[in-house]
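So the chains spell out like this:
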Amino acid sequence: MDELRNKVKALLEAKTVNVVIGYEEGTGKKPRAVFAVKPEDAAKLIYDSRCVLNLAAYITKHEVKAKGKMAITATLPVMRSIIQLASEFQVNDNNLFVIGLTPDNQVIEFKNLAEVETFIHKFEISIDSKYKEALEKLDKMSRTDRWNWWINELAPCFKCYACRAACPMCYCHRCTVDFNQPQWIPVPSHELGNLEWHIMRAVHLTGRCIDCDACANACPLGIPINLLNKRLLEDAKKHFGGYQPMLKGDHLMSTFKPDDKENFIR
Ligand code: SF4
Ligand code: SF4
């Protein structure tokens, strides 16, 4: 912990960055995000196995971007998110400095995002066995049973959008579900609206989701929405020549143009 705190303190003292996004102790023994702006804030930082919140979700928030150059303490899923975001022109070496927290508890100061990219490609995304079992169980069901299973699982969703807020890849300024003229996705919690929201969400994340589980962890109702993302991750790999997210310039279902005329998706 001291090594991490000392590095963050040095970065803020030298004014190399204006803010460092990290983890601090939260309520109920649940770590939460902290935005360190003064060298003394570094003392609040923690890092242990409870730190599963994907901090990369904050990089694209305008309140954080407004602070100027930022650093982030990045676990493997956070590093994966950063490289995917870089491939979508959301971050670059001029606005982000990465302090890696490696699976073997090392703290690495990366010189640039190319180094982060080289590092993460040593660790291929591998779906956890408990989720693989759940996917296999679903695959074995008849279409009708699988349909009914999802209708039933998604039924309690009351569209709080905590899953969207927790996901680093859901950064559009205005999400499709927020439009009301026309209203493409019904707001009330009912079967059609819930299905449309979750299918739309999963498809928009196909080829971009880096399998961090932050969406499912954020859901107050414990709805296993990450299973939809995992199914699409596996299908993309199987049907598109071993496709994986985080490969620069290699997008499966989308194109990313910084000069796109639609402001809300930049
Ligand atoms: S697992 Fe969920 S939160 Fe993480 S990138 Fe995929 S969709 Fe987003
Ligand atoms: S966090 Fe859960 S309840 Fe809220 S919108 Fe997402 S799936 Fe629905």
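Procedures and definitions
- Residues numbered from 1 in each chain as written.
- Chains lettered and ligands numbered in written order.
- Predicted model: local features only at pLDDT ≥ 70, side-chain atom pairs only at ≥ 80, totals over all residues.
- Near = placed C-beta within 6 Å.
- Nonpolar A, V, L, I, M, F, W, Y, C, P; charged D, E, K, R; others polar.
- Helix = DSSP H or I, 4+ residues; strand = E, 2+ residues; numbered from the N terminus.
- Buried ≥ 20, exposed ≤ 12 C-beta atoms within 10 Å, placed from the backbone.
- Pairing = 2+ DSSP bridges.
- Axes fitted to C-alpha atoms, helices over the stretch in contact; angles between N-to-C directions.
- Parallel < 35°, antiparallel > 145°, perpendicular 65-115°, else oblique.
- Left-handed = near helix turned anticlockwise from the far one by under 90°.
- Contact = placed C-beta atoms within 7 Å.
- Expected span 1.5 Å × (residues − 1).
- Domains from an automatic or database assignment.
- Right-handed = clockwise from strand over helix to strand, strands pointing away.

Section: the site of ligand 1
Reasoning step 1: In the vicinity of ligand 1 there are 15 residues, among which Cys-167, Cys-209, Cys-212, Ala-214 and Cys-215 approach most closely.
Reasoning step 2: Each residue belonging to the shell around ligand 1 can be placed in one class, and the counts come to ten nonpolar, three polar and two charged.

Comments concerning the site of ligand 2
Reasoning step 1: Around ligand 2 sit Cys-157, Phe-158, Lys-159, Cys-160, Tyr-161, Ala-162, Cys-163, Ala-218, Cys-219, Leu-221, Ile-223 and Ile-225, and that is every residue in its neighbourhood.
Reasoning step 2: Per-class residue counts for the shell around ligand 2 are eleven nonpolar, no polar and one charged.

Structural notes on the environment of Ile-185
Reasoning step 1: Among the structural elements, Ile-185 can be located in the loop between helix H7 (162–166) and helix H8 (191–204).
Reasoning step 2: Residue Ile-185 is classed as buried on the basis of its 21 C-beta neighbours within 10 Å.
Reasoning step 3: With twelve residues separating them in the primary sequence, Ile-185 and Trp-197 have C-alpha atoms 6.4 Å apart.

A closer look at the pairing of strand E1 (residues 19–24)
Reasoning step 1: Along E1, five of the six residues are buried, which leaves the element largely enclosed by surrounding structure.
Reasoning step 2: Bridge count for E1 against strand E3 (residues 45–46) is two bridges, and the pairing is antiparallel. The residue bridging Tyr-23 from the neighbouring strand is Ile-46, located in E3.

Considerations on the packing of helix H3 (residues 76–87) against helix H4 (residues 113–120)
For any two helices packed against each other, the geometry is given by the interaxial angle and the distance between the axes.
Reasoning step 1: Contact geometry for H3 and H4: axes closest at 10 Å, N-to-C directions at 125°. Put simply, H3 runs oblique to H4. In this structure, the crossing between H3 and H4 has a hand that is left-handed. Across the interface between the two elements, Leu-76, Met-79, Arg-80, Ile-82, Ile-83 and Ala-86 of H3 pack against Leu-113, Val-116, Glu-117, Phe-119 and Ile-120 of H4.
Reasoning step 2: Here the residues of the contact of H3 with H4 are counted per class, giving nine nonpolar, no polar and two charged.

Examining helix H10 (residues 226–239)
Reasoning step 1: Counted at 1.5 Å a residue, the expected span for H10 with its 14 residues is 20 Å, and the 20 Å between its end C-alpha atoms agrees.
Reasoning step 2: Every buried residue belonging to H10 is among Asn-226, Leu-228, Asn-229, Lys-230, Leu-233 and Ala-236, and all of these are buried.
Reasoning step 3: Among the structural elements, helix H5 (129–140), H8 and helix H9 (214–218) are those in contact with the buried residues of H10.
Reasoning step 4: Among the residues trailing H10, Gly-241 stands out with phi positive, at a value near 55°.

Describing the domain arrangement of the protein
Reasoning step 1: By domain assignment, the protein separates into domain 1 (2–120) and domain 2 (129–265).
Reasoning step 2: Taking only C-alpha atoms into account, the centre of domain 1 sits 25 Å from that of domain 2.
Reasoning step 3: On the side of domain 2, 16 residues touch domain 1, which itself brings 17 residues to the contact.
Reasoning step 4: Residue contributions to the side of domain 1 that touches domain 2 peak at seven residues, all from H3.

Focus on the pairing of strand E5 (residues 96–101)
Reasoning step 1: The element E5 is largely enclosed, with a buried count of five among its six residues.
Reasoning step 2: As judged from the five bridges shared by strand E4 (residues 70–74) and E5, these two strands associate in the parallel manner. Paired with Ala-74 across the two strands is Gly-100, which belongs to E5.
Reasoning step 3: For the segment spanning E4, H3 and E5, crossover handedness is right-handed.
Reasoning step 4: Taken together, the three bridges between E5 and strand E6 (residues 107–109) define a ladder with antiparallel strand orientation.

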